[in-house]
Amino acid sequence: MTPMQKLLQLPVNAMNMVKTAQDQMGQQDEAKSPVMTPDGGNHNWYNGEPNDPRHIRFGSGGGDQEERAHLEEGGGSLSSLVTQPLRHDDLKEMLDSNKDSLKLEAMKRIVAMIARGKNASDLFPAVVKNVACKNIEVKKLVYVYLVRYAEEQQDLALLSISTFQRGLKDPNQLIRASALRVLSSIRVTIIVPIMMLAIKEAASDMSPYVRKTAAHAIPKLYSLDPEQKDCLIEVIEKLLADKTTLVAGSVVMAFEEVCPERIDLIHKNYRKLCNLLIDVEEWGQVVIINMLTRYARTQFLNPNMNESLLEEGGGEKAFYGSDNDDDTDDEEDKEEKEKKKTEATAIVKRKPYVMDPDHRLLLRNTKPLLQSRNAAVVMAVAQLYFHLAPKAEVGVIAKALVRLMRSHSEVQYVVLQNVATMSIKRRGMFEPYLKSFYIRSTDPTQIKVLKLEVLTNLANETNISTILREFQTYIKSNDKDFVAATIQAIGRCATNIGEVRDTCLNGLVQLLSNRDELVVAESVVVIKKLLQMQPEQHSDIIKHMAKLTDNIQVPMARASILWLIGEYCEHVPKIAPDVLRKMAKTFTNEEDIVKLQIINLAAKLYLTNSKQTKLLTQYVLNLAKYDQNYDIRDRARFIRQLIVPTDKSGALSKYAKKLFLALKPAPVLESPFKDRDHFQLGSLSHLLNAKAGGYQVLPDWPEAAPDPSVRNVEVKESVPEWTKCSSREKRKEKKADKPFYSDSEGESGPTESADSASDTASGSESGSGSEESGSGSESEESNEESESASEEDEEEEGKKKKKNVEKIKARKPVPESESEPSSGEDVKKSEKKSKPRIGSSESESEEDDDSESESSESEEEESEEESEEETKKKKKTTASKPPSKPPKKENKKEKKEMSLLDFDDFDPAPSPSQVTPLNNFLSSSLVTDLEGLSLTDNVLSPTTIVPSGNLKTYELLHRITGEGLSVEYCFSRQPFSPDPHMVAVKIQFTNSATSEAKSLHMEDAKLQSGMRIKEFPEIEVLPAGETVSVVMGIDFCDSTQAANFQLCTHTRKFFVSIQPPVGELMMPIFMTENEFKKEQEMLLQSLGQLMGMNEITEKLTLEEKCQGEHAVVQRVTTAANLSRVPCGSDKECSHPVPPPPFPIHRFAGKTVTSGSLVLVSVVTKEDGAAQLTVNCEKMVIGTMLVKDILQALTQ
Amino acid sequence: MINSLFLINPSGEIFLEKHWKSVVSRSVCDYFLEAKEKALEPEDVPPVIHTPHHYLISIYRDKLFFLSVIQTEVPPLFVIEFLHRVAEMIQDYFGECSETVVKDHMVMVYELLEEMLDNGFPLATESNVLKEMIRPPTILRSVVNTLTGTSNVGDTLPTGQLSTIPWRRAGVRYTNNEAYFDVVEEIDAILDQSGTTVFAEIQGVVEACVKLSGMPDLTLSFMNPRLLDDVSFHPCVRYKLWESERVLSFIPPDGNFTLMTYHVNAQNLVAIPVYVKQSISFFECGSDGRLDVTVGPKQTMGKTVEGVMVTVHLPKTILSINLTATQGSYTYDNGTKLLVWDIGKLNPQKLPNLRGSLSLQAGAPKPEENPSLNIDLKIQQLAISGLKVNRLDMFGEKYKPFKGVKYITKAGKFQVRT
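Fair warning: this is a prediction, and the values are worked out from it, not measured in the lab.

Asks: Now, about the overall build of chain A: what can you tell me, with residues and values included?
Replies: Broken down by element type, chain A carries 56 helices and 15 strands. In chain A, which comprises 1195 residues, the share counted as buried stands at 58%. For chain A, the share of sequence-separated contacts (at least 6 apart) that also reach a separation of at least 24 residues comes to 70%. For chain A, the exposed area adds up to about 49,400 Å²; of that, 53% sits on carbon and sulfur atoms.

See the structure below:
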């Protein structure tokens, strides 16, 4: 702690340091200034117009122009900045001024200098003073400067530390994060303890963004002081357990840089990482996938070991599909060994290979990422599959890799390198895409060569003719390097595929007459290699080549010809000595490799045909003896001793012939990419074929799998996979009319599915589960687990789940019934009838909650659609019921109601007044609600009851952003008893996290002027899995402005806002039709005769299904909190004609705050035509209300 | 991971450098410049260069080299992809990616780079997040900033940075809600001398311009999704739904983005919209040659082929050419030996033809290979694969958006060998 304290005190002392430093600087500048007088003009100019920074750029006068040139021209003029301290003087002055704009201008210029790579380090003291500047842009630029130069000026950099420490405590998460970013980027060793402390603190920050920054800071600190490793590992461990996708990528990155060997840290987080993967940002995905590849190699068994067994067993290799039929052809030695090894172990075990479910999980969860737009992600998945997947499944990556070939040429380059390596081991994989590797004349050479490599690797008996035809066009190319590569490729095809050897050879011989020397030379070299395979049949080719020695100048080619002639001199006995004669003539002018081959040729001829060549040989050897190159001299000396029999020469010379003319094995033309896969594919090391710094070796499969139970986690993960929720919804739609058993079972909330997933996982771990054998069933399972909704599979679990649900129900005081009395009442009724039904409806509504919190928008949309369907149904089912029964619909719990309504059909006695008797059923926590309800019940006749079941819930805090805490709100439409001018908002907290949330309260409300908030009482503890509702009041001042406030838990704060729909800003009032009409007239007259000022009329067309009275009433009351004006009075008083031809529906209410009347009438005419009239003093509210009701009616 | 970035112009001048870890001297670029000297074309510079202490990974884009310095193992594609993102970001912010633009906005580019990487690891690469942190320059804003003293730098954390949908910012509002989709298909093909197809495939991309308020949840479905053989998506698209139901379901980013790219099964025969009759010949004796190219419509599905352009890289030994075109005009650059014949609209009644003589340098041998022709074309209102968008549904928002789909077929890498 002591160094810390010292540092905290430092700034005071350091301030003095700066002053002195500046003073010195200043003096220096003063001393220099006479020299700089020519530029004094500029100087003055700055002082002259210090107020307006734009003048610096756009002012008039010569000085300005010069200045502008400096600003924009870059390079040259700025280099003068370095030589002329005066410029810096200006900058300093600007920095010292108290105008932010000047400071900003100065900082911009300084940063521009840094960007251009100019030295600006002598401004350090002047810049560092501005670190606490209020202006955020200045501040940021100062940070940029600091990070760049702090390492050079460590002492002065310490000045800024206290600012950052303050920043670390800022309530704004961006400021906290950037303070930590800069603090950790300042490479000053003395602050290591401060950094450590800051990182530790930030690692448990509420904001995931700050935690992410902490993860980024870890490798920075590690590179600065490796001794902190142990402490840092602790932080990494902590952050690895973090559940947010934001942190995952960064912390794995830190893990890879600090402690890649601590694979044990991953165990507990493995499944979570696999499940989160799809939602992590792209860059994090790459890092995680690469790490998991390594992890899987240490933890799972080789999935291919059984297959190799099968192959060895013979005959069954097609078992896994046709894709890899060819693979056996190019099994490499190494793999063979591996095979044997694994075979051995497998035989010992006598146990079929079963893939670890976690291994499967990884493969399954990475596969969709092959569709990523990011090439690096695709490559990462591809290498994972290549290294980890069973052979039969590797094929899926080919398509994605071929797709990347369309990308930028750099991407192509890297991908082709990897494809080249893969295509050696798994040729079958890429064979269908052969044509995608065809070469265009516009490809860059390096791409061409790589494509050629792939084509060669893919060549086999069936496709060789097409490939060779393709090669023929390439040979004509103007790009000679490429042609040379093509010739080599032909050579390789010829060696690998016996059938085409002769064709290739003939083609190559034709190339010998090519005009281009490089082409010829390359052909010679390749022909030489091919001839070595079967020299006897090709003496005419050798003769032909012997003739070429006169023309070909390329040393390698000459050397090759000479070697050929020497080696097969017996096939060309007449020509060979002649060639040697010519060569002897030009010996001194030849290149070294040619000389060596001349000596070799001479020696071989001497041994076979000494009569003709003895003298020549001696001549050559003599020349070589005095050659400048000692290799040649040595060779000559050695050969002379060996072949020329003298007295001294030992026994060796007897064997000279055997030594020189031994049969040489034909060379194997191999791909340069052979065996490159011992490097992890996609890595830099693989690309360079050399181990790069920091490369983590890909371990070999273990012989026996380590204990898989280490990955078990006690806590159930709730997997936030928003991507999947909609699929669930879709399914729900389809299933709407299925029997509800399968329905409820098919749709389980994510928590439950995670539960079941881990259940199956652990189950199969212990019993070495057998369901994972065929790929077909596996994919099915993938659906089940990830989407948590495969009907058949989960049917078995149905009962268990139901129990769970019932348990939940027992624990909770019926949360649904709290939120909506009507549905709760239904539940109650059905409870009597059949228990399973309750279970199902409960679980459904739970499911609704879950998916709702995941994507509320789509859910809402959907429920609306459904509600339409439902209305129809209801019309049928409730035909016998009194019309007064308020339709319950358009709410979240749609489905439940639906099944319950069906149920109502069978119920012999549906009571017409079923809405009222709620009281005994409601929980005590909602007394106020209850009061409100009973009050309205008393006052209003049944016809005017506001259907309270159709409250729309809005999301306040998403489960993911809330870290397990999800908050919803709805406008309960009850009078808010503490203050009648407030709108009652019911807020429902659900804690789906694993730990309890404490002290939920709100603070820091940011409101528009006039708005008021009555806070809800603090909730002290909300245990995990529980739900609780509270009521708060907001006076929105009759505006639809949102009320913003912070929702606080004991650990975190969330910014949330509640925005009321205009329909919620009013409350119903009861009036008769006559009163309504009177009020309407009053309103119209109040503004003179200006019709339309507070009356808005819209014409609309009602859809068929909402033409009925109920539908209209229901829709209007849903859209706005109004009460219906009883229409019975209509008949009584004014109209003598009994059935009004066009019924008029009237609704009345008043705004909550100001009590202004809101009168709505809907006149329906034939064919669904209707007219909507809204009268309201407040025009804004009127207009908005019209819009909302219109929408409600026409949808 | 990524240590430093250097921007280098074609003449080898380093005009911007940014270091995310400790400073690496710019002399490290010398290795790269050396390799660049050796390469004939800028594209030929190897993307990965190994120097004694560093690895240099570079891309060439928009006539600029983006060179990054790496010290330890890192997936090369990771770096390459990031560098392309940098280029795209500059393009996105300033309308184009060029040396002058970068020099004009030096500080802003530098600030952006600062935000994009932290300690060499990508921090914020989504353009909507970046735009909330550092607002792109507009004339209006620069005036406002001068007057009010506000800055282009945001002081709150962009909402996208925290949400699970980082590509969309919260609180988007438009008065006109519109969603437009362009289905652009490119034909990649190699035709041989006789006009038969050696290789052809269709690569398509769905570009979207979505300007919708709030948080719309869109679902785009195709009439014939089975056509699509291989697809890649913007991160916003829900993979699972595509797999199970072949619909694109997504919450779109705000503004322009590439929704998906796809590949149409090469096994299906690809319709080739034009044919090319050509004869390029050089006479063995004498330094002379003839060129005769005719382009005509083939399988155009009844649409007009527009924007036809033929590009030929003539052999280096050509001295001069003398051609006449019956339609359009041609340009020839004697330095690069690049012949471009801009035809325009293809008229089936009167086929455009370009013919004339080529003269070779005296004494130069007859070129071995005839130059291949690269064809460019465009067909409006047609997706050559036959792909059709069925419908677009929006959930989650109440308003009715304007919706539009446009189809275009273009030539991709369309090459005719001669």
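So, next bit.
Asks: Lay out the overall build of chain B with the relevant residues and their values.
Replies: The number of helices and strands found in chain B is 8 helices and 23 strands. Here chain B, with 418 residues, has 58% of them falling under the buried criterion. Of all intrachain contacts in chain B linking residues separated by at least 6 positions in sequence, the fraction that spans at least 24 positions is 69%. If you sum the accessible surface of chain B, you get close to 16,500 Å²; carbon and sulfur atoms cover 51% of it.

Asks: Describe the side chain of B:Asp188, with residues and values.
Replies: Along the chain, B:Asp188 falls in strand E8 (residues 178-191). Classification of B:Asp188 as buried rests on a relative accessible area of 2%. Each residue touching B:Asp188, except ones within four places of it in the same chain, is listed here: A:Arg406, A:Arg440, B:Phe199, B:Ala200, B:Glu201, B:Gln203, B:Gly412 and B:Lys413.

Asks: Can you tell me about helix H32 (residues 517-531) of chain A, naming the residues and giving the values?
Replies: All names here are of chain A. End to end, H32 covers 20 Å across 15 residues, agreeing with the expected 21 Å (1.5 Å per residue, within 8%). The element H32 is largely enclosed, with a buried count of 12 among its 15 residues. When H32 is considered as a whole, its buried residues turn out to be Val519, Val520, Ala521, Glu522, Ser523, Val524, Val525, Val526, Ile527, Lys528, Leu530 and Leu531. Where H32 is buried, its residues contact helix H30 (480-496), helix H31 (501-511), helix H33 (539-548) and helix H34 (555-567).

Asks: Any chance you could break down the packing of aromatic side chains for me, citing the residues and the numbers?
Replies: Per the counting criterion, the structure on display carries 22 aromatic pairs over all chains. Three or more aromatic residues joined by ring pairs form one cluster here, namely A:Trp283, B:Phe78, B:Phe82 and B:Phe121. One residue, A:Arg148, lies across the ring of A:Tyr149, its end atom 4.6 Å from the ring centre. In this structure, A:Lys528 packs its charged tip against the face of A:Trp563, placed 5.1 Å from the ring centre.

Asks: Explain the confidence of the model for chain A residue by residue, including any values.
Replies: All names here are of chain A. Looking at chain A as a whole, the pLDDT averages 70, with 66% of positions reaching at least 70. Per-residue pLDDT, averaged within each element of chain A, yields its smallest value for helix H42 (residues 740-746) (38) and its largest for helix H23 (residues 375-388) (92). Of the regions scoring below 50 in pLDDT, residues 1087-1092 engages in 3 contacts with residues more than four places distant in sequence or in other chains. Here residues 1129-1138 is modelled with pLDDT under 50, and outside its nearest four sequence neighbours on either side it reaches 9 contacts, counting other chains as well.

Asks: Residue-level account of the sheet that holds strand E20 (residues 353-360) of chain B, with values.
Replies: Residues and elements named next belong to chain B. Overall, antiparallel pairing links the 4 strands, which are arranged E14-E15-E20-E17 in an open sheet. This sheet does not close on itself; its edge strands, each paired only once, are strand E14 (274-282) and strand E17 (318-325). Taken pair by pair, the neighbouring strands of this sheet meet at an average axis angle of 15 degrees, ignoring direction. Bridge count between E17 and E20: 7 bridges; the pairing is antiparallel. Paired with isoleucine 318 across the bridge in E20 is leucine 360.

Asks: Explain the pattern of salt bridges to me, and be specific about the residues and the numbers.
Replies: Tallied over the full model, the rule gives 51 salt bridges over all chains. A:Arg181 is the partner of B:Glu115 in a salt bridge, and the nearest nitrogen-oxygen pair spans 3.5 Å. Taken together, the residues span two chains, with B:Glu115 in helix H4 (residues 106-116) and A:Arg181 in helix H12 (residues 173-185). Both residues of the pair, B:Glu115 and A:Arg181, belong to the buried class. In this structure, B:Asp230 and A:Arg403 form a salt bridge, with 3.2 Å as the shortest nitrogen-oxygen distance. With B:Asp230 in strand E11 (residues 228-233) and A:Arg403 in helix H25 (residues 396-404), this residue pair bridges two chains. Accessibility classification places B:Asp230 together with A:Arg403 in one group, the buried group.

Asks: Can you lay out the packing of helix H29 (residues 464-475) of chain A against H30(A) for me, pointing to particular residues and giving the numbers?
Replies: Residue and element names in this part refer to chain A. Running from N to C, H29 and H30 point in directions that differ by 155 degrees, and their axes come no closer than 9 Å. Judged on the interaxial angle alone, H30 and H29 are roughly antiparallel. Two packed elements cross with a definite hand, and for H29 against H30 that hand is left-handed. Of the residues in H30, those touching H29 at Ile464, Leu468, Phe471, Tyr474 and Ile475 are Phe482, Val483, Thr486, Ala489, Ile490 and Cys493. Of the residues assigned to the contact of H29 with H30, the class counts are 10 nonpolar, 1 polar and no charged.

Asks: Before we move on, could you go through the sheet that holds strand E10 (residues 217-222) of chain B and cite the residues and values that matter?
Replies: All names here are of chain B. On the basis of which strands lie adjacent, the open sheet formed by 3 strands has the order E12-E10-E22 and antiparallel pairing. Pairing within the sheet leaves two strands with one partner each, and these edge strands are strand E12 (247-250) and strand E22 (389-395). Each adjacent strand pair in this sheet contributes to an overall mean axis angle of 15 degrees, direction not counted. Sheet topology places E10 next to E12; 4 bridges connect them, and they run antiparallel. Along E12, the bridge assignment pairs serine 221 with valine 247.

Asks: Describe the interface of chain A and chain B, listing the residues and the values that go with them.
Replies: The figure often quoted for interface size is the accessible area lost as the parts come together. Opposite the 110 residues of chain A that make contact, chain B presents 107 residues. Three residues, A:Trp283, A:Arg406 and A:Arg440, lead the burial of chain A against chain B; their summed loss comes to 9% of the area buried on that side. Seen at the junction of chain A and chain B, the total is 12 salt bridges. Linking B:Asp118 and A:Arg181 is a salt bridge whose minimum nitrogen-to-oxygen distance equals 3.6 Å.

Asks: Requested: an account of the packing of helix H26 (residues 409-425) of chain A against helix H2 (residues 76-94) of chain B, with residues and values cited.
Replies: Interhelical geometry of H26(A) versus H2(B) gives an angle of 170 degrees and a closest axis separation of 10 Å. Relative to H2(B), H26(A) is oriented roughly antiparallel. Only B:Pro76, B:Leu77, B:Ile80 and B:His84 of H2(B) make contact with H26(A), whose side of the interface consists of A:Glu410, A:Val411, A:Val414 and A:Val415. Partitioned by chemical class, the residues of the contact of H26(A) with H2(B) number 6 nonpolar, 1 polar and 1 charged.

Asks: With reference to specific residues and values, describe the nonpolar core.
Replies: Counting 353 residues, the largest nonpolar core has A:Phe437, B:Phe66 and B:Phe181 as the members making the most contacts within it. Ignoring sequence-local partners within four residues, the contact set of B:Phe181 consists of B:Val206, B:Glu207, B:Ala208, B:Val210, B:Leu218, B:Leu220, B:Phe250, B:Leu259, B:Leu392, B:Gly404, B:Val405 and B:Lys406. Membership of the second largest hydrophobic core comes to 57 residues, among which are A:Tyr969, A:Met1011, A:Ala1043 and A:Val1152.

Asks: Hey, could you go over a nonpolar patch on the surface for me, with residue numbers and the actual values?
Replies: A surface patch of nonpolar side chains, about 320 Å² in accessible area, is lined by A:Leu652, A:Tyr655 and A:Leu659. Inspection of the secondary structure assignment puts A:Leu652 in the loop between helix H38 (630-643) and helix H39 (656-660).

Asks: Just give me the short version of the side chain of A:Ser160, but keep the residues and values in it.
Replies: Residues and elements named next belong to chain A. The topology assignment puts serine 160 in the loop between helix H10 (154-157) and helix H11 (161-167). Using a relative accessible area of 0% as the deciding quantity, one classes serine 160 as buried. There is a polar contact of 2.6 Å between the side chain of serine 160 and the backbone oxygen of alanine 157. Not counting residues within four places of it along the chain, the set of residues in contact with serine 160 comprises Val128, Val131, Leu146 and Ile186.

Asks: I'd love a proper account of helix H13 (residues 192-203) of chain A, names of residues and values included.
Replies: Taking 1.5 Å of rise per residue, the 12 residues of H13(A) would be expected to cover 16 Å, and the 16 Å separating its terminal C-alpha atoms lies within 8% of that figure. Every buried residue of H13(A) is accounted for by A:Val192, A:Ile194, A:Met195, A:Met196, A:Ala198, A:Ile199, A:Ala202 and A:Ala203.

Asks: Got a sec to walk through the pairing of strand E2 (residues 965-975) of chain A? Specific residues and values, please.
Replies: Residue and element names in this part refer to chain A. With respect to burial, E2 is a largely interior element, 10 of its 11 residues being buried. Sheet analysis places strand E1 (residues 953-957) next to E2, joined by 4 bridges and oriented antiparallel. Across the sheet, glutamate 955 pairs through a bridge with glutamate 968, a residue of E2. Of the pairings in the sheet, the one linking E2 to strand E3 (residues 983-991) comprises 8 bridges and is antiparallel in character. Following the sheet pairing, proline 975 is matched in E3 by valine 983.

Asks: Before we move on, could you go through the environment of B:Glu17 and cite the residues and values that matter?
Replies: With respect to the helices and strands, B:Glu17 occurs in strand E2 (residues 14-19). Considered as a pair, B:Glu17 and B:Tyr110 are 93 residues apart in the sequence and their alpha carbons are 8.6 Å apart. Among residues more than four places away in sequence, those in contact with B:Glu17 are A:Ile114, A:Ala115, A:Arg116, A:Gly117, B:Leu5, B:Phe6, B:Arg26 and B:Tyr110.

Asks: A description of the environment of B:His19 should follow, citing residues and the corresponding values.
Replies: Residue and element names in this part refer to chain B. Tracing the backbone shows histidine 19 in strand E2. Separated by 13 residues in the primary sequence, histidine 19 and phenylalanine 6 place their C-alpha atoms 8.8 Å from one another. Polar contacts involving the side chain of histidine 19 include one to the side chain of glutamate 17, which spans 2.8 Å. Polar side-chain contacts of histidine 19 include one of 3.4 Å to the backbone nitrogen of valine 24.

Rules used throughout
- Residues numbered from 1 in each chain as written.
- Chains lettered and ligands numbered in written order.
- Predicted model: local features only at pLDDT ≥ 70, side-chain atom pairs only at ≥ 80, totals over all residues.
- Heavy atoms only, no water.
- Helix = DSSP H or I, 4+ residues; strand = E, 2+ residues; numbered from the N terminus.
- Buried < 20%, exposed > 50% of the residue type's maximum accessible area, 1.4 Å probe, protein only.
- Contact = heavy atoms within 4.5 Å.
- Areas by Shrake-Rupley, 256 points an atom, 1.4 Å probe, with all protein chains shown as cover.
- Expected span 1.5 Å × (residues − 1).
- Phe/Tyr/Trp six-rings, centres within 6.5 Å; stacked < 30°, edge-to-face > 60°.
- Lys NZ or Arg CZ within 6 Å of the ring centre and 35° of its normal.
- pLDDT = per-residue confidence, 0-100.
- Pairing = 2+ DSSP bridges.
- Axes fitted to C-alpha atoms, helices over the stretch in contact; angles between N-to-C directions.
- Salt bridge = Lys/Arg side-chain N within 4 Å of Asp/Glu carboxyl O.
- Parallel < 35°, antiparallel > 145°, perpendicular 65-115°, else oblique.
- Left-handed = near helix turned anticlockwise from the far one by under 90°.
- Nonpolar A, V, L, I, M, F, W, Y, C, P; charged D, E, K, R; others polar.
- Buried area = accessible area lost by both parts, 1.4 Å probe.
- Core = buried A, V, L, I, M, F, W, Y, C linked by side-chain atoms within 4.5 Å.
- Patch = residues over 30% accessible without salt bridge, like charges linked within 9 Å, V, L, I, M, F, W, Y side chains within 5 Å.
- Polar contact = N/O pair within 3.5 Å; in protein donor to acceptor, adjacent residues only side chain to side chain.

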